[in-house]
Amino acid sequence: MEAPPQIVWFKRDLRVHDHAPLLRAVEQDAPIIPLYIVEPGYWRQSTASQRHWAFIHDCLVDLDQSLKALGQPLIIRVGEACEVLKSLHYNHRVRTVWAHEETADLWTFRRDNRIREMCRDLGIALNEVPSNGIVRRLKSRDDWSRIRNARMAEPILPKPAILKPFTSCVSECLPQKDDDRFGQTLPTAQQVGGRSAAVRDLNSFLQTRARGYLQHISSPLESDRYCSRLSAHLAWGSLSTREVVHALATRRAQLSPLEKKTFGRNLSAFGSRLAWRCHFVQKLEDQPSLETHCMHPAFEGLREDGNREDYFQAWANGQTGFPFIDACMRSLKHQGWITFRMRAMLVSFASYQLWLDWRVTAPYLAGLFTDYEPGIHYSQFQMQSGVTGINSVRIYNPLKQGKDQDPSGTFIREWVPELKNYGMQKLHEPWLASSDLFFEQGTKNKVSYPPPVIDLIKSSKEAKEKIHAVKRSELFKGQSSEVLNKLGSRKRPHRKKHQKHKAVQLNLFN
């Protein structure tokens, strides 16, 4: 009879490199069950989508190959985690489970609480290891940056030399990418997942693409090339944050004097975003209710009664009548990624001009983002909706953003082909065109593009008034310092010209 195995439970950490739970389990000199659980309950959440599963599927195929090379293939189980672990405990005498601490959504938070309770009842040792600079049970936000930076400075853990196999446990089949349980298939140019793609994307960014990082970071036409495109790899764990931090430091140390002129500032900005990424995930770790409740309680009840389904459908389907908004949403739906400024604009437009509650729009965009990271997602939705109480209210003007970021109209014409024959004068504001421009040139076929769903100036003005009315209230003033003390950044903003609006622009990893 084989010796009792130890489980290494993979969640959002789909790699064998820099994986502390895996390495610590191997050090116990026991057989290993490397486990991934496809949890039906999770995939029924409104935030989960087939797009996520397609990326995870790539990661799991890569992970299985890496584990096979170490002597033990990945074990797949389909079912609720408590039942899966309980079954492995009874059938294979499992008494030890290793896993990374997971900071994700409320569903996983509650699942992990059930797992801890079950393990206590069954006498299973559950060993949870810190992950990605996130500090569990953080006593004071003042300590976080020091702890995070110390962890990032630690050496990258090597992959194990070999795994002691456990042959009595056979894997179930990995569900296909288009399995119905993961929801409808989205039209997509899906980013490739997995460790091999992650390393390739990291190297190409640091070696070549980063030279245009800051110049093109806000451009919907160029950002997919010049941004790192590491966000999905970090979200699902085919790379660790520490690996990227170390790779960045190595690259910066190798820069020649000439390269420093082209890469130096770009790589520095990228490093700042890595730190900000951890900062926002830490917010959710400290306060899991950010998924469901406003960061500042004074804003509760502000939008709940104002949600209009017709506005939501127009926004979600790229039919608002504002060409740049619609182009960004359609591009996102097709590709699963768009740069941060455009994400912020989409959320701002929905929250301010359309006055939709962030709890209605956040699940929808979560399913569209291949790189859905709950800690960033909910913090950003609240920031861009003006309900944190510790950030400036910034209402994006989609006309200005369109003219600034798509001055030639190329992006709009690509994703809103209804307007492909419009001249630049009216491309961003087609409602100003004379009536005959709503017909395709040379025909009597009406262009099927809607008029604006709202009056932009009026809706923006009303939104500002409502937000500032809350800020003037006694409830707001009484609780603002408490919110800042618990969740606010301790880093003072820089004054350099190129870092204008840094508090906004650094918040989402690109």
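Structure shown above.
Criteria and thresholds
Counting restarts for each chain: residues are numbered from 1 in the order of the written sequence. For this predicted model, a pLDDT threshold of at least 70 governs which residues receive local features, and a threshold of 80 or more governs which side-chain atom pairs are given and counted, while totals over whole chains, interfaces and linings are taken from all residues. Each side-chain value is worked out from all heavy atoms of the structure, with water and hydrogens disregarded. Labels follow the DSSP assignment, with helices taken as runs of H or I lasting at least four residues and strands as runs of E lasting at least two, numbered in each case from the N terminus. For the radius of gyration, the atoms used are the C-alpha atoms, and the globule rule reads 2.2 Å times the number of residues raised to 0.38. Relative accessible area decides the class of each residue, using a 1.4 Å probe on protein chains only: under 20% of the type maximum gives buried, over 50% gives exposed, and in between gives partly exposed. Contact between two residues is taken to exist if any of their heavy atoms lie within 4.5 Å; hydrogens are not considered. The Shrake-Rupley method, run with a 1.4 Å probe, gives the accessible areas here. Residue values count only the displayed protein chains as cover. We score Asp and Glu as negative and Lys and Arg as positive, and we do not count His or the chain ends. For the purpose of locating charges, the reference atoms are NZ of Lys, CZ of Arg, CG of Asp and CD of Glu. Each axis is a line fitted through C-alpha atoms, and for a helix only the stretch in contact is used; angles between axes span 0 to 180 degrees, taken between their N-to-C directions. Geometric relationships in this document are graded by angle, where less than 35 degrees denotes roughly parallel, more than 145 denotes roughly antiparallel, 65 to 115 denotes roughly perpendicular, and other angles denote oblique. Handedness of a helix crossing follows the sense of rotation of the near helix relative to the far helix, less than a right angle counterclockwise being left-handed and clockwise being right-handed. Polarity classes work like this: nonpolar for Ala, Val, Leu, Ile, Met, Phe, Trp, Tyr, Cys and Pro, charged for Asp, Glu, Lys and Arg, and polar for all others, with Gly in that last group. Two N or O atoms count as a polar contact when they lie within 3.5 Å, although within protein this holds only if one can serve as hydrogen donor and the other as acceptor, and sequence-adjacent residues are included solely when both atoms are side-chain atoms. Salt bridge, as used here: a side-chain nitrogen of Lys or Arg that lies within 4 Å of a carboxyl oxygen of Asp or Glu.

Of regular secondary structure, the protein chain possesses 23 helices and five strands. On C-alpha atoms alone, the protein chain measures out to a radius of gyration of 24 Å, which is about the 24 Å that the 2.2 N^0.38 rule sets for 510 residues. With respect to the principal axes defined by its C-alpha atoms, the protein chain has extents near 85 × 55 × 55 Å. Classification of the 510 residues of the protein chain by burial places 57% in the buried group. Contacts in the protein chain between residues at least 24 apart in sequence constitute 81% of all its contacts with a sequence separation of at least 6. Here the protein chain has roughly 22100 Å² of accessible surface; of this, 51% comes from carbon and sulfur atoms. In the protein chain, the 73 positive side-chain charges and the 54 negative ones have mean positions that sit 7 Å from each other.

Now for the packing of helix H15 (residues 340-353) against helix H18 (residues 398-405). The relative placement of two packed helices comes down to the angle between their axes together with the axis-to-axis distance. Contact geometry for H15 and H18: axes closest at 11 Å, N-to-C directions at 165°. Between H15 and H18, the interaxial angle falls into the category roughly antiparallel. Relative to H18, the crossing made by H15 is left-handed. Residues Arg341, Met342, Met345, Phe349 and Gln353 of H15 touch H18, and the partners they reach there are Pro398, Gln401 and Gln405. Looking at the contact of H15 with H18 residue by residue, the classes come out as four nonpolar, three polar and one charged.

With respect to the helices and strands, the residue His57 is situated in helix H3 (residues 50-70). When its relative accessible area of 11% is taken as the criterion, His57 is described as buried. Residues contacting His57, with those up to four places away along its chain left out, are Leu174, Pro175, Gln176 and Lys177.

Tracing the chain through its elements places Thr339 in the loop between helix H14 (323-335) and H15. Engagement of the side chain of Thr339 in a polar contact is seen with the backbone oxygen of Ile217, the distance being 2.5 Å.

Applying the stated rule across the entire model yields 28 salt bridges. One salt bridge connects Asp310 with Arg308, and the closest N-O pair in it is separated by 2.6 Å. Asp310 gets classed as partly exposed once you look at its relative accessible area, which sits at 41%. The structure contains a network of salt bridges with shared partners spanning Lys11, Glu39, Glu102, Arg111 and Asp112.

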